[in-house]
Each structure stands twice: as structure tokens, then as C-alpha cells.
Amino acid sequence: MVDRPRRGVPGDGPLQQDDAAPGEVARPRRAMLAEPEAAAPEPFRFAGRRLGTDPQNPDVLSPAAARAITDDGRDSSPAMVAQPHSARPAASPETAPEPLDVGPIDPEEHEHEADEHEPGAHEADEHEADGHELVALPGQPAVDEPPSAAPIDQPASFTLVARHGPRRAAEASPAEPEAPRPIVRRLLDALTAARPRRSRLRGDIEGLRALAVIWVLLFHLRVTGFGGGYAGVDVFFVISGFLITSQLLASVRTRGRLNLVDFYGRRAKRLLPAATLVLVVTVLFGWAWLPRSEWQLLAQDSAASAVYSLNWFLAARSVDYLAMDAQPTAVQHFWSLAVEEQFYIVWPLVIIASLAVARWRGWPRVAVVAGSLGVILVASLAWSIWYTQHDPGPAYFVSTTRAWELALGGLLAAAVPLLHRLPQVVASLLAPVGLAMVVASALVIDQQTPWPGSAALLPTVGAGLVVLAGSVHDRNLTARLLGWGPLPWIGMLSYSMYLWHWPLIVFWTARDPELGVWEKVVIAVLTVTLSALTLRFVEDPVRFNVPLARRRRTTLVLAVAAMATSLIASMALLSQAPRLTTVDPLAPDATVVATPASPTPTPSGTPTASASTTTPAPFPTPKPVVGDYTGALSLVHNADVGGVPTIRSDLGSALRITRAMSPSPDVAVQDLPDAYRNGCHRRKGESRLVRPDQCLLGDPAGTTRVALVGDSKMDQWQPALDLIGKRHGWRVQGLGKSGCTFSSGRQFADCDAYNAALIQRLLADPPDIVMTSTYAETDQLAPGMIDLLSQLQRVGVLVVLINDNPTPPGRTSIYQCIGRTDNPVECEFARNRGHGAATMADVAQALPEAEFIDMNEWICPPGLANCPVVLGNVFLYRETSHLTSTFVRSATPILERKLVEAGVAHGPVLPLRAR
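None of the values given here were measured: they were computed from a predicted structure.

> Explanation requested: the overall build of the chain in the structure shown.
A count of helical and extended segments in the chain gives 28 helices and 22 strands. In the chain, which comprises 915 residues, the share counted as buried stands at 56%. Pairs at least 24 apart in sequence give 79% of the contacts found in the chain among residues at least 6 apart. Working note: accessible area of the chain is about 36700 Å², and carbon and sulfur atoms make up 60% of it.

Listed below in C-alpha cells is the structure:
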């Protein structure tokens, strides 16, 4: 007869069928053997002993008898059979069974090998204990299933039936010849040869895994229409919460307790082999392939990934993971694995604490566990919504904003007994709704959507509905659709695909930033190929290794060794990374005055190549500044002029590289103003003002008070203004904030709050001078800048506008170019005014009384077709388009003279030659 669909709990054993029971997850339909005719029960026997049976069911072993079998056998030799004697088939001389024995059978060993959000499979038949195949006799539950009728608070009775190796029960009797399998099927079998042959998957979950990893891959490949593909990570979180909680609750059901060593050993064996391989390969390939400028950050992120704490490192760095111009490291995707691992550490402890409370108060255990998960869900969701609105950068990475997604899956696992009361027709309706929500999340969400926050409810609730429906009715149309074709196989590869795809993209784009269609196809094919090989030769051989399954503590020791291997590789790369060393362009040994008259003097009245507003008096013998490290001063035509100098017409010596560049392009990103090191530059997420006595530059006792406001394009000039302030008695205070234009126009929450508080302070206690600049090019911010600056002008504040500097294309293209060539001329870029130059011009036009300082001619000299990246042996750029502090310091004498010319500063000026 063919039995009806039945349901069970996720297990390491095959997806068997049995009567529905509370807490059990739907299992696929399968044909059952015909039930034997009713007969008087005969005793169970094991090793010549009669075993007791359950008083309520004489066909089933009692718990004590089952434990006796479990505790007695310690040999993994050909398998045992514990069943009524009459149920055994007669043995012919040719088919007589081998001597019976029992390996160490652990009920928890046959639960789902529930794995992480990206990964591969909740395969049913993953025997990590002894390699025996577990089968169910007609009408009897399989050992890998928790008792179908026993709630979590009751002990379980079960029947043990094992057969050596991965043979099927049907192999005991003659079978029809197997039809030839398609070549694709044979290939897939070869790739998964290390796993038990009776492995069966829950199609809806595997299909969800496949969709999630495909969404992430398409998003990172920047395929049009998949701007919300990053939501696939949130789908993984829900699935992981469901499977891991199911496994933990099943352990409580079968054992009455949790074995932390066993649980952590399982997770280490599942996660670390592939993760260690990818980390080590990425570090080695990064050392050989990436520019030296990226080694240090790659090493730091790899080390954090090895100990599963990268998400907090990225949150502290306030990396905007979704920014189009962001260039994260090749291991930055490990942040989500860090969230998972932290979940694995905390989740069992939460359940243990819940069980302790339930025992103490005498409350139902599942109800207390579900209540704990519900509290976590509500608290984390509320925090996620608030934090995402106020500080979206760190909110994307921290575990506290993602815990509710894992709790959602865990709550579903705890509520399975109640879910079984739902009619199957309801499940059939909920499943397509959930699938539609998951699909919509990849298509309608984009990189401008605040995330995770409330928007993450779309994919997570959708995934939860699909899992819920599959737990009630495993054969609904949506579950069958998700289990169709290659989707389960892709779901099985999803962990390795997630690990491999991002390093491949980063390494490819390091040499070719623009990916064509065929390049994207090649990356996708390489991802699948490496993932299949990793599954076959790394994941499964370790995952199904018999000795490791028996020795959990050994597994943990090997896990520590694997993490140490990744750390050693990371530290080795870090030791090879270059260190920041700079020179002072204004020091006596950095600049000298040339004695030859070069270039040819410019006759009076003849326009020069300079765009300076000052026409200096001609010199009979112009003295250009030359030397090893002169930066902007290398452009000076007449070093003895009292005002703003003119720019040389012959720039060959300024562009010529005669010494190692300072700073080295490999570490130019570290050549920052001190404000970034002492916390004076307000980062995203920070809206509190510094005190009036903090973050002071120049002369702290100076009588002229100067406030520097705006974004990082203002703060980049701090090294020069610090020296100018010391010379002119300025008490300079840095009040800049990252990405926050000094404007009343709406930007982001903490920026708006910061500007509102800042303008109130400045109006209440006006400084003498306010200087600002911006990177923003939006027309909406210029009116807001005019609004705030005009308010300051009305209370007597002198406003100074410093124009934005020319912008290289892309965040790291200059570094990558320098890393590939010895000739910096090849890295020059098309001249432009600067990203925020249009905004600054609009503000200057609206505020004619403000002083407008433009240094761009000394950054990208007129007469050149392209903008250089090196002047006077000084490297100009760091990060997106910021100037290095070394170059800014070299431009200090010129900036000072422009300020004196504008009437902002008074008194003697720095010489344009060596002091």
C-alpha cells in the first residue's frame, strides 16, 4: 500500500514518514512496505538478551532497552538489528547476515545537520556517528526520528534498526534493474560521492537557499534589476534560525538536555573546513594579485573573519557596504558568517537559560523557549528599525540588528506543534505569498533602502511563510516548485557559493573594474565549479568523517587549529604590508632654491600659464622651487615673490619622479589629518558636538577664533590651517562631520541633528571666521548652505569658502593603477573641477561677501590635459578624492598667501623656499 504523507522532525536520518506529531517538520511522501498481519508480539533480542518493550506499545523498544543498546555497542563493525525475531527475514546460506554488533548510536546524531544561512543542506541522512544506515521497519518509527507521539516534555521510545553501509532496506530483497541515469545525474552523484546515498532534502528549504544565494550573486555582479539581491542574506538568517532551533529542541526532546560540546563540534565541522580554505586561498591570492595598498586591510579583515568578529570591525569602521563607490576587501562578505557564528554561541545558552527557568517555575519548556525567542524578536526588531534610521552604516553589520531574523526562524521551529493545526489548504495559500515576497525583495528593494530596519520584514516574513507552509504541508505546490530541477543542488552548494563568489569578483575587478556580460558569466561558472569541488573534496569528507563524529572534543581542537591557520596566514600578509612614512615638504632638507634661471623669464605684461588672480612683479631671474619632496611648491615659478606666485610653464621637473613617493601609494590612505585619530572628525552615527575646548588647532590661546565646518573636504585642509593658525594667532576648532555638508537641507538623521545643534552654538557664541567646503553636488544642499552661512554673516562672522578639489574616477582606481605600473603618468585622469565645485560656486555667487579660495590650479595645473597624481615626489590622493596630508602641508605657503590676499589673514607669510 502507499501511505499518506506524514511528517517528522528534521534529522540526520532519512526523511521518513510517520504520523504527524507536535514539533515535527513535514517529510516528503514515500511508499511504505506493506504492514504485516497482526500477530502476537515477540520479544526483541540483542546479543542473546531479551529486551523490554514499551508498556503502551509492545512493538516498540522501551527507553531503557534502547539506552542499553546505545550504551553497549562500541564497535562499528557490520551492523546490529534490534527487532522482534519474527520480523526478521529468513536467512539463506548465501545471504546469511554477518555477526551482529552495535556501534555507538546517538539519537541526536540523526537530526538535521542544520547549517548556516548561506550553506548547503539540511540533508537528512548525515550519519556522523558510525556510518550505519538507519531504516524503518513497517509500521515502526526510524531511530533518527524523535517519537512521533511524544511531546518535548516526555521521554521517547523508539526502535533501532541498522544495516551496515549506505544500503537501502529494499536491497535485502530482489529489485528490478536500475534504469540508466542521465549523464548530469551521474555527474552530480560523483560530486556528492562523499555523502550518504540515502540523503534526501526538504525541497522548499533547499530551494529557498538556492534563490537566496542566486540573489546575492546577481546583486554583487551588478546585474540590472537585482538591486535588492543583498536581501538574500536575510533569507539565510531565517532558515538558519529555524533549522538550528529545530535541532536544539530535538536534542532536548530526545535527551532532555543540550550537549554544548556536541553542538559546537557539529557547527565547527560544518563551517570551518570550507571557510578556512577560502580564507587562506584569498590571503595568498591577494598577496600575489592585489596592489600593496590593499594588503593591510585585507590582512586585518581576514584575521577578524577567522575569529568570526568581522561584522563588528566593519561597524566600527562605519563602512557603507551598499555604496556604489565602496571597494570592500575580498573577505568582507564574512561579516554575515560572523553574525551566524555569534548566533551559534548565544542561542544554546538562551535555550539552556529558558529550560532552567521552566524547571524552576514548573512551566512548559517549549512555551518558555518560545517566549524567550519572542522577546528577542521584538526587542531586536525595534532596535533595528531605530538604529537603521539613525546610523545606517554600523546598523547594517551589527548582530543586534539581525538577531530578530534568526529569532523569527527559531520561533517557527518552536511553534511547529501549533502549526500542525492549520489546514493544509491554508498552508498551500501561504506558501506562494511567502515566495512572492522573497522574489519581490530582490526586485523592488534597492541600495537606497534603509537596511535592515523594517524593510527587511519583506524577505524574512516571506521566507518564514514558505518554511511554515512546508512544515504543515510538505507537498504544497510551492514546495514542489522550490524542489524542482537544479534548485536543491544549488541549495546544497549555497554555502560554498557564498564563500567563493565575492573573492572572485574582487580579484577580477581589481584589474578590470567594468564587468561585461561574458565576464559575469565566467565568474558565475567559476563560482559554481569551485563550490562543487569544495563540497566534494573538503566539506563532505570532513562533515561525514566517522572518527571525527565520534570524537567531538577532537573536532573542537581541530577547529581551533583551522582558525589558527587562517590567523597565521593573515598575520603573515600583515607583516608584509607597507607602513606609513612621510616627509615634511617644508623642512629645510625637503626644498631648495634652484640657482639656474629656468625656465625662461616671462616678459612683463605677457600672460603666464597660471590662473592665479595675482599678477606678481616680474623677476629678472625667476627661481623655481626644486628638490626631492616639494609637492605643490614644485610648481612655483618665482620663489621670491611676496604674494601668490605664478605657476611654471615647464612642468617637467615637477612631474618627474626622482625619489620614492611620499606618502607611498601603498599606504596613502593612512596619510590623514590628526582629527581622524583623536575622534575630532565626527563619524556617521555621531551627532554630539565636541566641547568648545576640544579639537583645537593652531594657537589655543589665539585671539582670532576660527571654526571649520562641513564634511571631510574641509577637514582635509587641517594640516595647513594648523600651521597657519600658529603663525597668525588663530584658535582653530575642527567641527567637521563625515559626509555631512554644513546645510539646513535634509541629508540623513544624525547629520541633520548635528547641523541643527552646530548652528545654534555658532549663533550663540559667534566665531570670527567660519571656513567650509563640501563634496556634495546635489542642488538641494546649496540653498541650505546659503541659509546657514547667511545667518552667520548677519551676526558678523566672516565666511570663507574653499573649493572642492579635482576628483579621480572611483575610490581605488589610483591605488590600483599605481600598483600595476612604475610610471605614475599612466595613472593621470581627465581634468575636472571637482565633485562639489558646482555647489561651492552656487554658494559663492549667492554670498558675495564671502571669500572664495580656489586651490585647484595647484592640484591640477593649467596647461595639462590630465590631472597628475604626483607632484614634486609627493603623492596627492587618498581614498575617494581627498588630498594626502603631506601634499596639503606642501601647499601651506600658497594657501596662506591666498588667505592674506583675500584679507582673511594678516602679517608675514611663509617663504616659498627652504627655511
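> Help me understand the packing of aromatic side chains in this model?
Given two aromatic rings, one states the distance between the centres and the angle between the planes to describe the pair. Counted by the stated rule, this structure contains 16 aromatic pairs. On the numbers, 5.3 Å between centres and 80 degrees between planes, the contact of Tyr396 with Phe397 is edge-to-face. The class for Tyr396 is buried, based on a relative accessible area of 4%. Judged by its relative accessible area of 0%, Phe397 is buried.

> Just checking my understanding: could you explain the side chain of Glu539 for this structure?
Along the chain, Glu539 turns up in helix α17 (residues 517-543). Among the polar contacts listed, one links the side chain of Glu539 to the side chain of Arg270, at a separation of 2.5 Å. Non-local contacts of Glu539, meaning those with residues more than four positions away in its chain, are made with Arg270, Ala274, Tyr495, Ser496 and Thr534.

> Where do I start with the pairing of strand β12 (residues 704-710) in this structure?
Regular strands have side chains that alternate between both faces of the sheet. Taking burial as the measure, the seven residues of β12 include five buried ones, the bulk of the element. Note: β12 against strand β13 (residues 730-734), five bridges, orientation parallel. Note that in β13 the partner of Ala707 across the bridge is Gln733. Pairing of β12 with strand β14 (residues 769-773) involves five bridges; the strand directions are parallel. Note on β14: the bridge partner recorded for Val709 is Thr772.

> What's the story with the nonpolar core in this structure? I'm lost.
Taken as a class, soluble globular proteins show a tendency for nonpolar side chains to be buried jointly. Of all hydrophobic cores here, the largest spans 118 residues; its most connected members are Leu208, Phe242, Phe334 and Trp335. Ala632, Val800, Cys827 and Leu871 belong to the second largest nonpolar core, which has 58 residues in total.

> What's the story with the pairing of β14 in this structure? I'm lost.
With five of five residues buried, β14 lies mostly within the body of the structure. Going residue by residue along β14, you find Ile769, Met771 and Ser773 tucked away on one face and Val770 and Thr772 tucked away on the opposite face as well. In the sheet, β14 pairs with strand β15 (residues 798-802) via four bridges, with the strands oriented parallel. Bridging across to β15, Ile769 finds its partner in Leu798. Assessed by its sense of winding, the connection that carries the chain from β14 through helix α24 (residues 781-794) to β15 is right-handed.

> What should I look at first to understand the state of the cysteines in this one?
By definition, a disulfide links the sulfur atoms of two cysteines through a covalent bond. One pass over the structure, following the stated rule, counts three disulfides. Between Cys680 and Cys695 runs a disulfide, and the two sulfur atoms are separated by 2.1 Å. Of note, the bridge from Cys680 to Cys695 carries an S-S torsion of about -90 degrees and is left-handed in sense. Note that Cys680 is positioned in the loop between α20 (652-655) and β11 (696-698) and Cys695 in the loop between α20 and β11, a separation of 15 residues in sequence. Side by side, Cys680 and Cys695 carry an identical accessibility label, which is buried. There is a disulfide in this structure between Cys860 and Cys867, and the S-S distance comes to 2.1 Å. Measuring handedness by torsion sign, the sulfur bridge of Cys860 and Cys867 sits at about -90 degrees and is left-handed. On the basis of relative accessible area, Cys867 is assigned to the buried category, the value being 0%.

> Mind showing me how you'd approach the packing of helix α6 (residues 295-306) against helix α19 (residues 552-576) here?
Each pair of packed helices gets described by two things: the angle between the helix axes and the distance between those axes. At a closest axis distance of 8 Å, the pairing of α6 and α19 adopts a crossing angle of 165 degrees. Classified by the angle between their axes, α6 and α19 sit roughly antiparallel to one another. Here α6 and α19 pass one another in a crossing that is left-handed. In this structure, α6 contributes Trp295, Gln296, Leu298, Ala299, Gln300, Ser302, Ala303 and Ala306 to the contact, and α19 contributes Met563, Ser566, Leu567, Ser570, Met571, Leu573, Leu574 and Gln576. Along the lines of polarity and charge, the residues of the contact of α6 with α19 split into ten nonpolar, six polar and no charged.

> Just checking my understanding: could you explain the packing of helix α3 (residues 203-220) against helix α16 (residues 487-511) for this structure?
For the pair α3 and α16, the least separation of the axes is 7 Å and the interaxial angle reads 25 degrees. By the angle between their directions, the pair α3 and α16 is classed as roughly parallel. The element α3 and its partner α16 pack so that their crossing is left-handed. Only Leu487, Pro488, Ile490, Gly491, Met492, Ser494, Met497, Tyr498, His501, Trp502 and Ile505 of α16 make contact with α3, whose side of the interface consists of Glu206, Gly207, Arg209, Ala210, Val213, Ile214, Val216, Leu217 and His220. Within the contact of α3 with α16, the residues separate by chemical class into 13 nonpolar, five polar and two charged.

> Just to check I follow, could you spell out the pattern of salt bridges for this structure?
Side-chain pairs of opposite charge can arise where the charged atoms are in close proximity. What the rule picks out here adds up to 15 salt bridges. A salt bridge links Asp722 to Lys726; its shortest N-O distance comes to 2.7 Å. Taken together, the residues Asp722 and Lys726, both in helix α22 (residues 718-728) and four residues apart, mark about one turn of the helix. The partly exposed category is assigned to Lys726, whose relative accessible area is 48%. A network of salt bridges, in which partner residues are shared, links Asp234, Arg402 and Glu405.

> How should α16 be read in this particular structure?
What sets the pattern is the α-helix's 3.6 residues per turn: residues three or four places apart point alike. Roughly 55 degrees is the biggest bend found in α16, and it falls at Ser494. The element α16 is largely enclosed, with a buried count of 23 among its 25 residues.

> What am I meant to see in a nonpolar patch on the surface here?
The grouping of Ile345, Val346, Leu349 and Ile352 at the surface amounts to a nonpolar patch, some 320 Å² of accessible area in total. You can see Ile345 is positioned in helix α8 (residues 334-361). By relative accessible area, which is 45% here, Ile345 ends up partly exposed.

> Can you help me understand the environment of Ser293 in this one?
Inspection of the secondary structure puts Ser293 in the loop between α5 (260-289) and α6. Exposure remark for Ser293: the relative accessible area of 14% places this residue in the buried category. Separated by 375 residues in sequence, Ser293 and Ala668 place their C-alpha atoms 7.8 Å apart. Once residues lying within four places of it in the same chain are set aside, the contact partners of Ser293 are Pro665, Asp666 and Tyr815.

The rules behind each value
Each chain carries its own residue numbering, running from 1 in the direction its sequence is written. With pLDDT at 70 or above as the cut-off, local features in this predicted model cover only qualifying residues; side-chain atom pairs require 80 or more to be listed or tallied, and sums for whole chains, interfaces and linings still use all residues. Side-chain calculation: all heavy atoms of the structure are included, whereas hydrogens and water are not. Helix and strand labels come from DSSP, where a helix needs a run of H or I of at least four residues and a strand needs a run of E of at least two; each type is numbered from the N terminus. Burial classes: relative accessible area under 20% of the type maximum marks a residue as buried, over 50% as exposed, and values in between as partly exposed (1.4 Å probe, protein chains only). Contacts are assigned to residue pairs that have any heavy atoms within 4.5 Å of one another. Values of accessible area rely on a 1.4 Å probe in the Shrake-Rupley scheme; residue burial ignores everything except the protein chains shown. Aromatic rings from Phe, Tyr and Trp, with only the six-membered ring used for Trp, were paired whenever their centres fell within 6.5 Å, and each pair was classed as stacked if the ring planes differed by under 30 degrees, edge-to-face if by over 60, and tilted otherwise. Polar contact criterion, stated in full: a pair of N or O atoms within 3.5 Å, where within protein one must be able to donate a hydrogen and the other to accept it, and residues adjacent in sequence count only if both atoms are side-chain atoms. When DSSP finds two or more bridges between two strands, those strands count as paired. For the purposes of this section, nonpolar cores are sets of buried Ala, Val, Leu, Ile, Met, Phe, Trp, Tyr and Cys residues that join through side-chain atoms within 4.5 Å. Every crossover in which the path from the first strand over the helix to the second runs clockwise, viewed with the strands pointing away from the viewer, is termed right-handed. Put simply, a disulfide is two cysteine sulfurs that come within 2.5 Å. Axes here refer to lines fitted to C-alpha atoms; in helices the fit is confined to the stretch in contact. Angles between the N-to-C directions go from 0 to 180 degrees. Just so you know how the angles are binned, under 35 degrees is roughly parallel, over 145 roughly antiparallel, 65 to 115 roughly perpendicular, and the rest oblique. In a left-handed crossing the near helix is turned counterclockwise from the far helix by less than a right angle, and in a right-handed crossing that turn is clockwise. We call Asp, Glu, Lys and Arg charged. Ala, Val, Leu, Ile, Met, Phe, Trp, Tyr, Cys and Pro are nonpolar, and the rest, Gly among them, are polar. Each reported salt bridge corresponds to a side-chain nitrogen of Lys or Arg within 4 Å of a carboxyl oxygen of Asp or Glu. Bend, at a single residue, is the angle you get between axes fitted to the 7 residues ending at that residue and the 7 residues starting at it. Nonpolar side chains (Val, Leu, Ile, Met, Phe, Trp, Tyr) within 5 Å and like charges within 9 Å form the patches, drawn only from residues with over 30% relative accessible area and no salt bridge.

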